[in-house]
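# Structural overview
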Amino acid sequence: MRKKIIFHIINIFFIILVQTTILDYIKINGIKPNLILVYTICFSLLAGSEDGAIIGLFAGMMLDIIVGKVIGAYSLINMYTGIISGFMSKKYFKENILVVLLFTFFLTMFYEYGIYLLNRIGNLRAHSLVFVFKTVLFPEALYNSIISIFAYSLSLKAQNRLILKNEATSQF
């Protein structure tokens with residue numbers, strides 16, 4: 001259990017570092033992938049809704065601290081994304097890459113729409129929903145879906161390795 005927590009903390013810090021620095025150089029039409037969201041979705045599909053909520057909440061808190069404009073926005077939306085993804089993992093065959101692609105696409109839309117609504121309430125960026133859909137929601141959902149193919153295979157390997165190590169240490 002302790003190794004699993006340390007594993008996720010290190011990964012989240014590393015992903016946030018990459019997302020806030022390196023990904024600024026590989027934007028496509030001003031859009032960069034949301035690796036924290038992809039990480040939350042991938043591990044929630046594998047671990048379930050409780051772990052997904054915890055991963056999403058912690059990752060969201062780190063994003064709130066580093067880049068957040070509205071404190072708690074990323075935490076709340078990431079946590080709900082982890083819960084939804086974790087609940088869906090019980091109903092669908094999670095080893096199917098098409099499931100991962102679709103979940104990532106629709107949960108990215110949910111996530112970005114939630115950020116849009118919170119910004120709209122705070123009146124930070126009051127663009128029309130059609131404009132936001134065409135310029136941010138849809139392109140980022142596609143971008144995240146493509147990245148989720150690679151991220152999910154890495155997540156699956158890491159999850160299996162963590163499970164094997166936990167089983168090996170529990171035998172002694």
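Below: a short report on this structure. From a predicted model like this one, the values you see are computed outputs, not experimental measurements. (Residues numbered from 1 in each chain as written. Predicted model: local features only at pLDDT ≥ 70, side-chain atom pairs only at ≥ 80, totals over all residues. Heavy atoms only, no water.)

## What to know about the overall build of the protein chain
When its secondary structure is counted, the protein chain shows 6 helices and 0 strands. Starting at the N terminus and ending at the C terminus, the protein chain contains elements arranged as α-α-α-α-α-α. Among the 172 residues that make up the protein chain, the fraction classed as buried is 42%. Pairs at least 24 apart in sequence give 72% of the contacts found in the protein chain among residues at least 6 apart. Carbon and sulfur atoms form 70% of the exposed surface of the protein chain, whose accessible area is close to 9900 Å². (Helix = DSSP H or I, 4+ residues; strand = E, 2+ residues; numbered from the N terminus. Buried < 20%, exposed > 50% of the residue type's maximum accessible area, 1.4 Å probe, protein only. Contact = heavy atoms within 4.5 Å. Areas by Shrake-Rupley, 256 points an atom, 1.4 Å probe, with all protein chains shown as cover.)

## Examining the pattern of salt bridges
Scanning the entire structure with this criterion turns up 2 salt bridges. In this structure, Lys-4 engages Asp-51 in a salt bridge whose closest nitrogen and oxygen atoms are separated by 2.8 Å. Placement of the pair is Lys-4 in helix α1 (residues 2-20) and Asp-51 in helix α3 (residues 49-67), with a sequence separation of 47 residues. For Lys-32, the salt bridge is made with Asp-24, and the minimal N-O distance between the two is 2.7 Å. Residue classification places Lys-32 among the partly exposed positions, given a relative accessible area of 23%. (Salt bridge = Lys/Arg side-chain N within 4 Å of Asp/Glu carboxyl O.)

## Focus on a nonpolar patch on the surface
Taken together, the side chains of Leu-76, Tyr-80, Ile-84 and Phe-110 present a nonpolar region at the surface, about 330 Å² in accessible area. Top element by residues in the nonpolar patch is helix α4 (residues 73-89). It accounts for 3 residues. Tracing the backbone shows Tyr-80 in helix α4. Judged by its relative accessible area of 41%, Tyr-80 is partly exposed. (Patch = residues over 30% accessible without salt bridge, like charges linked within 9 Å, V, L, I, M, F, W, Y side chains within 5 Å.)

## Things to note about the environment of Leu-129
Inspection of the secondary structure assignment puts Leu-129 in helix α6 (residues 129-170). Taking the relative accessible area as the measure of exposure, Leu-129 reaches 37% and is therefore partly exposed. Considered as a pair, Leu-129 and Tyr-116 are 13 residues apart in the sequence and their alpha carbons are 8.3 Å apart. Setting aside residues up to four positions removed in sequence, Leu-129 forms contacts with Tyr-113 and Tyr-116.

## Some words on the side chain of Thr-108
Along the chain, Thr-108 falls in helix α5 (residues 97-121). Within polar-contact distance, the side chain of Thr-108 engages the backbone oxygen of Thr-104 at 2.6 Å. Excluding residues that lie within four positions of it along the chain, Thr-108 makes contacts with Leu-37, Phe-103, Glu-140, Ala-141 and Asn-144. (Polar contact = N/O pair within 3.5 Å; in protein donor to acceptor, adjacent residues only side chain to side chain.)

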